[in-house]
Amino acid sequence: MMGLFQDLLTTFNFIVQGLWVTISVTAVALTVGFTIGVVMAIARVYGHPALQTAVSAYSVVIRAVPVIVIIFILFFVISRYVNLSPFWAGALALGFASGAYQTEIFRGAIQAVQSGQMIAARAIGMSRLQAIQSIVLPQALRLALPAWGNEATLVLKDSTLVFAVGVPEILRRAQQVSARTFEPFLAFGVALLLYLALTLITTQALQWIERRYRLQV
Amino acid sequence: MTSPILRIEDVHKSYGSLHVLKGVSLTVQPREVVVLVGPSGSGKSTLLRCINLLNPPTKGRIWLEDQEITAPGVNQDRVRQRIGMVFQEFNLFTHLTALGNVMIGLIKVRKMRKNEARDLAMFELERVGLADRAHYYPAQLSGGQKQRVAIARALGMDPHVMLFDEPTSALDPELTGEVLAVMQKLAGEGMTMIVVSHEMGFARQVANRVVFMEGGVVVEEGTPQHMFEQPTHERTRAFLRNIMQ
């Protein structure tokens, strides 16, 4: 009994060091994806028709390709020209992929803001850009929160894919322990619990934000 | 005779093949209250949106004070700042409180500091009798209160002319009075106003001039007394008779 507990503790201590890596990969990917998503959604709704087409193309192509392929392209191809560590190749690839999905999320949210809001903003003398910034986006971001929260948990789970280029995140470490100790149950059990905890905390936090900033209509 | 504050000359507006305004001319003097009436589809709202360049005219010219605002190269945002507009559907910014609705233009457009903006916004809310609702969100306000906040928001920009696009049409009958009272007070303070409305009582009491539009043109205009008691045109008479019933 004591032995099992010891094993569990060692296993846990080793794997939990990957927790921070998983969180970092997810945070970078979500931030990159958010930036791409917001900018592209604005371009898609308000931009020049040529720009709209370009954005649609990006979104269609990226969503058609498995994320792992994008990771490999960045890690094996792009990193020959630009100095990219496995961490950054993986996190950026996840960010580009998520950016395509977030573009669709924010596009829908921007289009869901009533057209009268833009008109009223222009009527008090705001420029188009000011109206987008101060009136449309703050409302669109609130409308987007439920869908965005869902995307956040998907990215969190997709962050395991960077394992393939050797980033020592939770799953990678679990696999290492399992190979060394021949106790896959313990190793992957710990990984499972860590992911479960991360996902639960994330969804709870997002739900709190959602309640806090809900638009009253 | 002072110079007109607004001069509209042969304004046309088309949407594709739909010819909504077919040559409207109208001159408004400072402090004047003009009420636009006419059947739906006659082009009243379109005319208002042409005046503040939300939908610029396809042909014709408009002067605001001594600037031709339809001239190429005019900064339209600047022009809109000088022309307040109140909408039928209020269009309050749903993510901001009543105070925030009035403040945002002061901060973003008039570039005021936050403290200054808050003081002026409170003053404008007081003007429409809603200082006690400053921290309510639009969803927590009645229709009449929303419209009064919308008026305060427009007033905050210190407009030279105010346009009202059917300001009471979306309100329950018992709520129109508070909005009309605010508008009447504004008129009393000397605000130049162009009002699209079916409130004939308001037109009679407050308007200096009533303009009857139909089919994208001005059919007849005159003092309320003339328009309500002895209009020259049969169409004016028919419309007003209809609406009074």
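Described below are features of the structure shown in this document. This structure is a prediction, so every number in the text was calculated from the model and none was measured.

## Notes on the overall build of chain B
Looking only at helices and strands, one finds nine helices and ten strands in chain B. Rg of the C-alpha trace for chain B: 18 Å, near the compact-globule value of 18 Å for 245 residues, within the 12% margin. Considering only C-alpha atoms, chain B reaches an extent of 55 × 45 × 40 Å along its principal axes. When the 245 residues of chain B are sorted by exposure, 56% land in the buried category. Counting only contacts in chain B whose residues sit at least 6 apart along the sequence, the fraction spanning at least 24 positions is 64%. Across chain B, the centroid of the 28 positively charged side chains sits 5 Å from that of the 26 negatively charged ones.

## With respect to unusual backbone geometry
Residue and element names in this part refer to chain B. Residue Lys111 is not a glycine yet carries a positive backbone phi of 55°. Its identity is not glycine, yet Glu166 carries a phi of approximately 45°, on the positive side. In this structure, Glu166 sits in the loop between strand 7 (161–165) and helix 6 (173–188). Take Glu166: its relative accessible area is 13%, and that puts it in the buried class.

## Remarks on the environment of Ala140 of chain A
All names here are of chain A. Position of Ala140 among the secondary structure elements: in helix 7 (residues 128–158). Spatially, the C-alpha atoms of Ala140 and Glu210 are 13 Å apart, while their sequence positions differ by 70 residues. Beyond its immediate sequence surroundings of up to four residues, Ala140 is in contact with Ala109, Ile110 and Val113.

## Points about the interface of chain A and chain B
Counting residues at the interface gives 20 residues for chain A, matched by 23 residues for chain B. Summing the contributions of chain A and of chain B, the shared interface buries around 1900 Å²; its carbon and sulfur component is 62%. If you look at where chain A meets chain B, you find one salt bridge. Here Asp77 of chain B ties to Arg122 of chain A by a salt bridge, and the two come within 3.2 Å at their closest N and O atoms. Counting across the chain A and chain B interface gives seven residue pairs in polar contact (both at pLDDT 80 or more). For the side of chain A that touches chain B, the secondary-structure elements that each account for two or more residues are helix 6 (115–123) and helix 7 of chain A. Ranked by the residues each element gives to the side of chain A that touches chain B, the list is headed by helix 6 of chain A, at seven residues. Broken down by class, the residue content of the side of chain A that touches chain B amounts to ten nonpolar, eight polar and two charged.

The rules behind these values
- Numbering of residues starts from 1 in each chain and follows the order in which that chain's sequence is written.
- In the order they appear in the text, chains get letters beginning with A and ligands get numbers beginning with 1.
- Confidence filtering applies because this is a predicted model: local features only for residues at pLDDT of at least 70, side-chain atom pairs given and counted only at 80 or more, and all residues used for totals across whole chains, interfaces and linings.
- Processing note: side-chain calculations cover all non-hydrogen atoms of the structure and skip hydrogens and water entirely.
- Helix numbers and strand numbers start at the N terminus; a helix is a DSSP run of H or I with at least 4 residues, a strand a run of E with at least 2.
- Both definitions apply: the radius of gyration is a C-alpha atom measure, and the globule rule equals 2.2 Å times residues to the power 0.38.
- Whether a residue is buried, partly exposed or exposed follows from its accessible area with a 1.4 Å probe, protein chains only, as a fraction of its type maximum: under 20%, in between, or over 50%, in that order.
- Residue contacts follow a heavy-atom distance rule, with two residues in contact if any of their heavy atoms lie within 4.5 Å.
- Only four residue types enter the charge count, namely Lys and Arg as positive and Asp and Glu as negative; His and the chain termini do not.
- The atom standing in for a charge is NZ when the residue is Lys, CZ when it is Arg, CG when it is Asp and CD when it is Glu.
- Joining two parts hides part of their accessible area as seen by a 1.4 Å probe, and the buried area is that hidden amount summed over both.
- Salt bridges, as used here, are contacts in which a Lys or Arg side-chain nitrogen is within 4 Å of a carboxyl oxygen on Asp or Glu.
- Pairing of N or O atoms within 3.5 Å defines a polar contact, subject to two protein rules: one partner must be a possible hydrogen donor and the other a possible acceptor, and residues neighboring in sequence count only if both atoms are side-chain atoms.
- Throughout, the ten residues Ala, Val, Leu, Ile, Met, Phe, Trp, Tyr, Cys and Pro are labelled nonpolar, Asp, Glu, Lys and Arg are labelled charged, and all others, Gly among them, are labelled polar.

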